[in-house]
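Listed here are the chains, written in short residue letters.
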Amino acid sequence: MNQARFPQTLTRRACVALLLGAALAASPAAFAAAHDAQVRVSDAWIRWLPAGLPAGGYMRLHNDGAHMVALIGASSADYGQVMLHRSEMQDGTMRMLPVSKAEIPAHGDLVFAPGGYHIMLMQPRKPVSPGQQVPITLKFSDGTRLEVPFAVRKPGASGAPHGDMKGMDMPSRP
Ligand SMILES: [Cu+2]
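The sections below set out a description of the structure shown in this document. (Residues numbered from 1 in each chain as written. Predicted model: local features only at pLDDT ≥ 70, side-chain atom pairs only at ≥ 80, totals over all residues.)

## Here's the deal with the overall build of the protein
Keep this limit in mind: Strands are runs of DSSP state E lasting at least 2 residues, helices are runs of H or I lasting at least 4, and numbering of each runs from the N terminus. We call two residues in contact when their backbone-placed C-beta atoms lie within 7 Å.
For the protein, the count of helices and strands is 1 helix and 10 strands. When the helices and strands of the protein are placed in sequence order, the string is α-β-β-β-β-β-β-β-β-β-β. In the protein, once contacts between residues fewer than 6 apart in sequence are set aside, the share between residues at least 24 apart is 71%.

## Side note on unusual backbone geometry
What counts, and what does not: Whether a residue is buried, exposed or partly exposed follows from its count of other C-beta atoms within 10 Å of its own C-beta, namely 20 or more, 12 or fewer, or something in between, respectively; the C-beta atoms are built from the backbone.
The backbone of Ala 51 sits at a positive phi, close to 60 degrees, despite the residue not being glycine. Taking the number of C-beta atoms within 10 Å as the measure of exposure, Ala 51 has 4 and is therefore exposed. One non-glycine residue, His 107, lies in the positive phi region at around 55 degrees. By the secondary structure assignment, His 107 is in the loop between strand S6 (102-104) and strand S7 (109-112).

## A closer look at the environment of Ala 66
Counting through the fold element by element, Ala 66 comes out in the loop between strand S2 (55-63) and strand S3 (69-75). Take Ala 66: there are 12 C-beta atoms within 10 Å of it, and that puts it in the exposed class. In the structure, Ala 66 is positioned 40 residues away from Ala 106 in sequence and 4.9 Å away in space, judged by C-alpha atoms.

## Description of the pairing of strand S10 (residues 145-153)
The test is simple: Two strands qualify as a pair provided DSSP detects at least 2 bridges between them.
Here strand S1 (residues 39-47) runs beside S10; their pairing, made up of 3 bridges, is parallel. Following the sheet pairing, Ile 46 is matched in S10 by Val 152. Sheet topology places strand S9 (residues 133-140) next to S10; 7 bridges connect them, and they run antiparallel. Residue pairing across strands places Val 134 opposite Phe 150, the latter belonging to S10.

## Some words on the nonpolar core
What counts, and what does not: As used here, a nonpolar core is made of buried Ala, Val, Leu, Ile, Met, Phe, Trp, Tyr and Cys residues. They are joined through C-beta atoms within 7 Å.
By size, the foremost hydrophobic cluster in this structure holds 29 residues, and its most contacted members are Ile 46, Leu 71 and Phe 112. Contributing elements (two or more residues each) for this core: S1, S2, S3, strand S4 (79-90), S6, S7, strand S8 (117-124) and S9. Once residues within four sequence positions are removed from consideration, Phe 112 is found in contact with Tyr 58, Met 59, Tyr 117, His 118 and Ile 119.

Written out as structure tokens, the structure reads:
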């Protein structure tokens, strides 16, 4: 009878030790992961169109972290509706599709550029004109948010200095 009790006690102690060990080991790692992902944004600009037409927002995103982070949303006080879109060729026609996220690989870049990913800015709440800056808040999958000033440029503007030729930055799915 004692034989039956003894192992039980041992087992319970072992369980407590395991749980404590697991908790101690898990929490610092979990916090580190949550704060690890860091995204920097550069070359942020908006292709202005007249008469309050929907405008495209473009930028370069760089992920300094060791884990993939996705851009999962955007908003701006200056526009009534802001969506993540991607343009792609379908049967010889350029179409825009809404996307729920855009992944930025670990230690990598993702470029939003004409003909690819863009932030669709609709229903301007005030007149927006070239030369202005529009703040857009970007929301990421790791819970972070970034408010980025986007420079408003004329449609003829040649775009971001780094251009849109770097197709390698485009993942093959939304
Ligand atoms: Cu669009």
